[in-house]
Amino acid sequence: MPFLVHVFGVLNGYFGQDDFILTYRAAHGAVYDPGFLFQDYSGHLQPGSFFYAWLVTSLAPLNFTVAVVPLLVVHAVTLWLCWRVLTLLFGVRWAVLVPFALFAASPLILFPTVWWAYSLQLLPVLLALFGALYAQVRYLDSGAWWYAALGVLWTAVGLAFYEKAALIPAVLFAVTVFRGPREEGAIVGALSRHRWVWLGYLVVLGGYLGLYLALTDTPANAEPVSSRDVLTFVYRSVVDTFLPGLFGGPLTEPAGGAAWVTPPLVVRVGAVLVAVGVVVASVVRSRRGALLPWVFLGLYLAVDLALVAGTRLGVLGPAIGTDPRYLADVVPVAVLCGAFAFFGGNREETETREGDGRRGVGRRMPVAVVGVCVVLVAGGVASFVRVAPALQFREAREYVATARAALAEQPGMVLFDTGVPGAIMIDWFVADAFTSRVVGLVPESPRFDRPAEELYQLDGNGTPQPVINLDDPTRALPGPEPDCGYLVGEEPVRIPMEDTVSGRRIVRIGYYTGDSGEGTVTVGDTRVRVRFTEGLHVVHIVASGVYAHVEIRRTLRVAPLCVTDVTVGLPG
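Residue numbers restart at each chain and count upward from 1, following the sequence in its written direction. Where totals are concerned, whole chains, interfaces and linings use all residues; where local detail is concerned, this predicted model gives features only for residues with pLDDT of at least 70, and gives and counts side-chain atom pairs only at 80 or more. Each side-chain value is worked out from all heavy atoms of the structure, with water and hydrogens disregarded.

Novice: Looking at this structure, I do not really get the overall build of the chain. What am I missing?
Specialist: Labels follow the DSSP assignment, with helices taken as runs of H or I lasting at least four residues and strands as runs of E lasting at least two, numbered in each case from the N terminus. Looking only at helices and strands, the chain has 21 helices and 15 strands in total. Seen through its principal axes, the chain has C-alpha atoms that stretch 105 × 50 × 45 Å. Counting every position in the chain, which comprises 572 residues, the buried fraction comes to 53%. Taking the contacts inside the chain whose residues are at least 6 apart along the sequence as the reference set, 75% of them involve residues at least 24 apart. Positive charges come from Lys and Arg alone, negative charges from Asp and Glu alone, with His and the N- and C-terminal ends not counted. A charge is said to be at NZ when it belongs to Lys, at CZ for Arg, at CG for Asp and at CD for Glu. Taken as two groups, the 41 positive and 46 negative side-chain charges of the chain have centres that lie 14 Å from each other. Remark: exposure states derive from per-residue accessible area (1.4 Å probe, protein chains only) relative to the maximum for the residue type, with buried under 20%, exposed over 50%, and partly exposed in between. By definition, residues are in contact when any of their heavy atoms lie within 4.5 Å.

Novice: What's the story with the side chain of Thr 567 in this structure? I'm lost.
Specialist: With respect to the element layout, Thr 567 can be found in strand S15 (residues 561-571). Apart from the residues lying within four places of it in its own chain, the contact partners of Thr 567 are Leu 470, Pro 473, Thr 474, Arg 475, Ile 506, Val 507 and Arg 508.

Novice: Please explain the state of the cysteines as it appears in this structure.
Specialist: Disulfide: a covalent bond formed between the sulfur atoms of two cysteine residues. Count a disulfide wherever a pair of cysteine sulfur atoms falls within 2.5 Å. For the structure shown, the criterion picks out one disulfide. Across a sulfur-sulfur distance of 2.1 Å, Cys 484 and Cys 562 are joined as a disulfide pair. A torsion of -105° about the S-S bond marks the disulfide between Cys 484 and Cys 562 as left-handed. On the criterion of sequence distance, the pair formed by Cys 484 in the loop between strand S7 (470-475) and strand S8 (486-488) and Cys 562 in strand S15 is long-range, its members being 78 residues apart. Among the cysteines around Cys 82, which has no disulfide bond, Cys 373 carries the closest sulfur, lying 12 Å off.

Novice: Mind showing me how you'd approach the nonpolar core here?
Specialist: Inside soluble globular proteins, nonpolar side chains tend to come together where they are buried. For the purposes of this section, nonpolar cores are sets of buried Ala, Val, Leu, Ile, Met, Phe, Trp, Tyr and Cys residues that join through side-chain atoms within 4.5 Å. In terms of nonpolar packing, the biggest core is built from 147 residues, with Phe 20, Phe 103, Trp 116, Leu 133, Met 425, Val 438 and Val 439 touching the most fellow members. Take this core: its biggest share by element is 17 residues, from helix H8 (residues 116-142). With residues near it in sequence (within four places) discarded, Val 439 still touches Tyr 399, Val 400, Ala 403, Pro 446, Phe 448 and Leu 458. Counting residues in each nonpolar core, the second largest holds 25 residues, with Val 493, Ile 509, Val 528 and Ile 541 among its members.

Novice: I would appreciate a short explanation of the packing of aromatic side chains in the present structure.
Specialist: Geometrically, a pair of aromatic rings is defined through the distance of the ring centres and the angle of the planes. Pairs were defined over the aromatic rings of Phe, Tyr and Trp, the Trp ring being its six-membered one, requiring ring centres within 6.5 Å. Orientation was assigned from the angle between planes: stacked under 30 degrees, edge-to-face over 60, tilted for the rest. Taken as a whole, this structure holds 25 aromatic pairs when the rule is applied. Between the aromatic rings of Phe 90 and Phe 340, the centroid separation amounts to 4.9 Å while the plane-to-plane angle is 75°, which identifies the pairing as edge-to-face. Of this pair, Phe 90 sits in helix H5 (residues 64-90) while Phe 340 is found in helix H17 (residues 330-343), placing the two residues 250 residues apart along the sequence. Since its relative accessible area comes to 2%, Phe 340 is described here as buried. Ring centres of Phe 90 and Phe 343 lie 5.5 Å apart, and the angle between their planes is 65°; on these two criteria the pair is classed as edge-to-face. Taken as a pair, Phe 90 in helix H5 and Phe 343 in helix H17 lie far apart in primary sequence, 253 residues in all. For the residue pair Phe 90 and Phe 343, the accessibility class agrees, reading buried in each case. The rings of Tyr 14, Phe 15, Phe 20, Tyr 52, Phe 64 and Trp 116 are connected pair by pair, giving a single aromatic cluster. By definition, being over a ring means that NZ of Lys or CZ of Arg is both within 6 Å of the ring centre and within 35 degrees of the ring normal. For the cation-ring pair, Arg 93 lies above Phe 343, with the distance from its terminal atom to the ring centre recorded as 4.5 Å.

Novice: Would you take a moment to explain the pattern of salt bridges for this structure?
Specialist: Side chains carrying opposite charge are able to pair once their charged atoms draw close together. Here, a salt bridge means any Lys or Arg side-chain nitrogen found within 4 Å of an Asp or Glu carboxyl oxygen. Taken as a whole and assessed by the stated rule, the structure comprises 13 salt bridges. When the shortest N-O distance is used, the salt bridge between Asp 449 and Arg 504 registers 2.8 Å. Separated by 55 residues along the polypeptide, Asp 449 in the loop between strand S4 (447-448) and strand S5 (456-458) and Arg 504 in the loop between strand S9 (493-502) and strand S10 (505-513) bring together distant segments of the chain. Arg 494 is the partner of Glu 551 in a salt bridge, and the nearest nitrogen-oxygen pair spans 3.4 Å.

Novice: Explain a nonpolar patch on the surface here, please?
Specialist: Together, Leu 11, Val 69, Val 73, Val 77 and Trp 80 make up an exposed nonpolar region whose accessible area comes to about 430 Å². Considering every element that reaches the nonpolar patch, the biggest residue donor is H5, with four residues. Relative to the elements of secondary structure, Val 69 occurs in helix H5. For Val 69, a relative accessible area of 37% puts it in the partly exposed group. Patch members must show over 30% relative accessible area and no salt bridge, and they are joined within 9 Å when carrying like charges or within 5 Å when they are nonpolar side chains of Val, Leu, Ile, Met, Phe, Trp or Tyr. Here, Shrake-Rupley sampling with a 1.4 Å probe gives the accessible areas, and only protein chains in the shown set may cover a residue.

Novice: What am I meant to see in a positive patch on the surface here?
Specialist: Taken together, the side chains of Arg 527, Arg 529, Arg 553 and Arg 557 make up a positively charged region of the molecular surface. Summarising the element assignment, Arg 527 is placed in strand S12 (residues 526-532). The exposed category is assigned to Arg 527, whose relative accessible area is 54%.

Novice: What exactly am I supposed to notice about helix H4 (residues 47-59) here?
Specialist: Owing to its 3.6 residues per turn, the α-helix aligns residues three or four sequence positions apart on the same side. Look at H4: 18 Å from first C-alpha to last across 13 residues, which is about the 18 Å you get at 1.5 Å a residue. On its buried face, H4 sits against helix H2 (18-27), helix H3 (34-37), strand S1 (40-41), strand S2 (44-45), H5 and H8. Multiplying 1.5 Å by the residue count of a helix minus one yields the expected span of that helix.

Novice: Would you mind showing me how to read the packing of H5 against H17 here?
Specialist: Each pair of packed helices gets described by two things: the angle between the helix axes and the distance between those axes. For helices, the axis comes from a line fit to the C-alpha atoms of the stretch in contact; other axes are also lines fit to C-alpha atoms, and the angle between any two N-to-C directions lies between 0 and 180 degrees. Contact geometry for H5 and H17: axes closest at 11 Å, N-to-C directions at 20°. What the angle tells us is that H5 and H17 run roughly parallel. Where H5 crosses over H17, the two elements pack in a sense that is right-handed. Residues Val 85, Leu 86, Leu 89 and Phe 90 of H5 lie in contact with H17, whose contacting residues are Val 335, Leu 336, Ala 339, Phe 340 and Phe 343. Roughly parallel covers angles under 35 degrees, roughly antiparallel covers those over 145, roughly perpendicular covers 65 to 115, and oblique covers all other angles. If you view the pair so one helix is near and one far, a crossing is left-handed when the near helix is turned anticlockwise from the far one by less than a right angle, and right-handed when it is turned clockwise.

The analysis is restricted to geometry; functional conclusions fall outside its scope.
Written as structure tokens, this is what we have:
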């Protein structure tokens, strides 16, 4: 059920924020170009994501259904692999439903993966994690080297999408220790017995680290982070986000971006009490065997938090702790560690408990297990339904639909490439937060910043508005020719401006001529071919650079033209 609800939520969403940058770069990149695949994207090295974006954009540009359906298949396969791993490790038993329900219904995973750009990172890594776990368990049970090699391959696939896949070998090592014999020096023994396997992982991780350091600017906090900020961030991450999200919360509303509002006190306290109760119950049941899995979970969570604190905390502040994207990868680790803490995990224990499970279903209280699962699933689904709209980007969908309708009604419309509302693309994307990134790939093929007599810009709703007034105008000096201004004959004419202009601006040129034909306009760094039309007209040029004059040249086959006025400015 959680998967089906997630599918419904995703298919009713749309592209937003980073999605438009990924698709735009994919449409203008080449899959055979290493510079495209291995580009530094906000400190991420994700060639797999860019390859996928290129593939779906090549097949169906800006078609959301085509873009998300393969990822939904990845999610489904991940759930199947999760079940296979749990049953391989702990046998086919009623109690295994509880950790599976925790993973399948967790809003920490369901909510942020409504966002296409993040699902491109997380879902392949979750698939790689459980694929590598399945291979590692089969390797431990059979000793077949190809299973170990398959685990290394799965890890490499995960690294192609998200750098957090570098933590997969640590999870595999922990499972190897938990799965091994209960003896002193189990950790050293796991290292020694499977040293060639770990060497393979080290080679893959070393190669990835070399590429990452060479090709990216490792993100880091620009300003020092106080200990108070760190403690607040840790508290908000664990108490406000991770624990409620793990047990079916937050049962609250979405906040800005991919975050959610701090859950009510009763939800937070309840999640903490449940977590403490689970740990205590596992210690009572498994004694010392429960300690190592919980220690590993704590270490994994600490590493996750340290990565975020070292790269994002100084930029976004402790509020980043309410964003589940940075903790979603901890969910499967928590599920595995909890299962090991309760059930053990070495092969002899599993085989014994499989037999006990088949002979004593009544004693295992399947009704209680189903009841716990129902509570987890109901809470997770209810939470997801409440917060999912924040990442469905309905404003972006309506914006694009409005623009497409107008472009279809008036084909050939030229748009001034301007900024878009923050709900569609936040302004910290700077030059990427523009209409060309959002609607540039629609089937109506809009034209941006071309020379045109009529120039439009999209308003906050996506409706084209004609550019009539220019704000902060800079005008040309009066021309020397009476009733003409500047006469463009056989030689190009430089028209001086009142002042030096810099930056990206609209240049509006008023002219008249007795003939139609081609010419060239040079403004700053911009040089464009223009068709001058017989009669009295204007032409709009989008120029950039620093300039104090406008140069106009006509072909000799065209009659001379008079430039009556030139105005430079931004749309009013």
